[in-house]
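One-letter residues, chain by chain:
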Amino acid sequence: KDLRTESETPLSDLRDKKLFTVEADDIVNITLKAPSGETLVLSGERSEEPATEPAKASKAKVSWTLSTPNGYALDESVTSFVRNITNARTKAFIPEAQGPKEGLGDAFWHLSGTDHQGEAFGLRFANEGDPAWAQVDGRKEWVQLDTYTLKNLQKTLADLREKTLWSLPAADKIGRAHVLT
């Protein structure tokens, strides 16, 4: 489309649909509160590997632990969860007056976090719907999330915790194994 000509396209169609500007490797804290009251607090330790070439930027990496509830390790799915947060997009931006009259009600999720520079971000979103209503923290306008995005943000302890029952040493260190049936 030639941008020098008039357009009938609404401004909201031209906006970037991404909800957050933060990058996955910059996030160091995430709090996720479910409608049930279950709260997960993930803490990240960010480290940077120096660039191998002068023209390249250093590479950041975040190692995640679960602060609340205590006593659980996280598996690799936490990395996907963080990427789902940073890649979350809206289907549409809706002016405040055209959003849900009753708001999100009592059954909503709240996702919040900070990056390594202390910048906060957050999202309150409905428990269900297609599209589901949501509101970015600090903004009055509403956004609509598709089912795929909604499910990728609705994670519980069962989704993110380590699921390995026990670990065994490398196969070359196991002398004998007996299977009882």
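Scroll up to find the structure this text is about.
This section reports on the structure supplied with the text. (Residues numbered from 1 in each chain as written. Predicted model: local features only at pLDDT ≥ 70, side-chain atom pairs only at ≥ 80, totals over all residues. Heavy atoms only, no water.)

## With respect to the overall build of the protein
Point 1. Helices and strands together make up the secondary structure of the protein, namely four helices and eight strands.
Point 2. Its helices and strands taken in sequence order, the protein reads α-β-β-β-α-β-β-β-β-β-α-α from the N to the C terminus.
Point 3. Looking at the 181 residues of the protein, the share that counts as buried comes to 31%.
Point 4. Of the contacts made within the protein by residues no fewer than 6 positions apart, 61% connect residues no fewer than 24 positions apart.
Point 5. Summed over its atoms, the accessible surface of the protein is roughly 12,100 Å², and 50% of this surface lies on carbon and sulfur atoms. (Helix = DSSP H or I, 4+ residues; strand = E, 2+ residues; numbered from the N terminus. Buried < 20%, exposed > 50% of the residue type's maximum accessible area, 1.4 Å probe, protein only. Contact = heavy atoms within 4.5 Å. Areas by Shrake-Rupley, 256 points an atom, 1.4 Å probe, with all protein chains shown as cover.)

## Some points on the sheet that holds strand β1 (residues 27-33)
Point 1. In space, the eight strands of this open sheet follow the order β3-β2-β1-β5-β6-β7-β8-β4, with antiparallel pairing throughout. Single-partner strands in this sheet number two, and they are β3 (59-68) and β4 (92-94). Ignoring strand direction, the axes of neighbouring strands in this sheet form an average angle of 25°.
Point 2. Where β1 and strand β5 (residues 108-115) come together, six bridges link them in antiparallel fashion. The partner of Ile27 across the bridge, within β5, is Asp115.
Point 3. Packed onto the sheet, helix α2 (residues 77-87) meets β1, β2 (39-49), β3, β5 and β6 (120-126) and runs at close to 85° relative to β1. (Pairing = 2+ DSSP bridges. Axes fitted to C-alpha atoms, helices over the stretch in contact; angles between N-to-C directions.)

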